[in-house]
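A closer look at the structure
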Amino acid sequence: MYEGDCLCGEIKVRVNCSIESFDMCFCNTCQKTHASAFTTGVSIKTEDFEIIKGKDSFSKYESSPGVFRWFCSNCGTHIYKTNDDKSHLVRLRPAILNNFDVTSVNRVLFEKNKPDWFLFDVRDSK
Ligand SMILES: [Zn+2]
Ligand SMILES: [Zn+2]
């Protein structure tokens, strides 16, 4: 089980399943949303994902048709993404989990968009 929260603490979430690995995404949308070189992502079944505090504190942005990025209205932390075509899943940003200890990268998405200033080698760590 994992718990996570946003920067200001208004939103708290819980994951009630194990996480074996996560994805890194270097797409332009993730870079803008996170103001970073990449984001972390892991697909969690909706029944294993709980918002334990701050349901009313979410705002969402439709970054492409049917794809919504859910973030804290107060501090802007991006918590997860949903896709209307995959409504049984939430695409959680595991970097917000406070006890996240998974080191295995499942997939590196849009690696061609990796900026030159990102000086680290991205390798499958499995
Ligand atoms: Zn917040
Ligand atoms: Zn992306």
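First, a word on what this report is: a plain description of the structure on this page. These numbers come from a predicted model, not from an experiment.

Summarising the element assignment, Ser 64 is placed in strand S6 (residues 58–64). Classification of Ser 64 as exposed rests on a count of 9 C-beta atoms within 10 Å. Between the alpha carbons of Ser 64 and Cys 25 there is a distance of 16 Å; along the sequence they are 39 residues apart.

Once that is clear, we can look at the nonpolar core. If you look at the biggest cluster of nonpolar residues, it comprises 17 residues, and the most contacted ones within it are Cys 6, Ile 11, Ile 44, Cys 72, Ile 79, Tyr 80 and Leu 92. Elements supplying a minimum of two residues to this core: strand S2 (12–15), strand S4 (39–45), strand S7 (67–72), strand S8 (78–83) and strand S9 (89–92). In terms of residues, this core owes the most to one element, S7, which gives three residues. Apart from the residues lying within four places of it in its own chain, the contact partners of Cys 6 are Ile 11, Cys 72, Cys 75, Thr 77, Ile 79 and Ile 96.

Moving on to the pairing of S7. When S6 meets S7, the two strands line up antiparallel, connected through six bridges. Bridge pairing in S7 links Tyr 61 to Arg 69. Judged from the five bridges that link them, S7 and S8 form a sheet pairing that is antiparallel. Residue pairing across strands places Phe 71 opposite His 78, the latter belonging to S8. Adjacent in sequence and paired antiparallel, S7 and S8 are bridged by five residues, among which Gly 76 carries a positive phi angle near 85°.

This brings us to the sheet that holds S2. The three strands are arranged S1-S2-S5 in an open sheet whose pairing can be described as antiparallel. Edge positions in the sheet fall to strand S1 (2–5) and strand S5 (49–53), since each of these pairs with one other strand and no more. Between one strand and the next, the sheet's axes are offset by a mean angle of 25°, whatever the strand orientation. Here four bridges tie S2 to S5, and the two strands are oriented antiparallel to one another. Of the residues in S5, the one forming a bridge with Lys 12 is Lys 53.

Taken in spatial order, the seven strands of this open sheet run S6-S7-S8-S9-S4-S3-S10, and their pairing is mixed. Of all strands in the sheet, those bounded by a partner on one side alone are S6 and strand S10 (105–109). Adjacent strand axes in the sheet meet at a mean angle of 30° when their direction is disregarded.

Cut-offs used in this document
Residues numbered from 1 in each chain as written. Chains lettered and ligands numbered in written order. Predicted model: local features only at pLDDT ≥ 70, side-chain atom pairs only at ≥ 80, totals over all residues. Helix = DSSP H or I, 4+ residues; strand = E, 2+ residues; numbered from the N terminus. Buried ≥ 20, exposed ≤ 12 C-beta atoms within 10 Å, placed from the backbone. Core = buried A, V, L, I, M, F, W, Y, C linked by C-beta atoms within 7 Å. Contact = placed C-beta atoms within 7 Å. Pairing = 2+ DSSP bridges. Axes fitted to C-alpha atoms, helices over the stretch in contact; angles between N-to-C directions.

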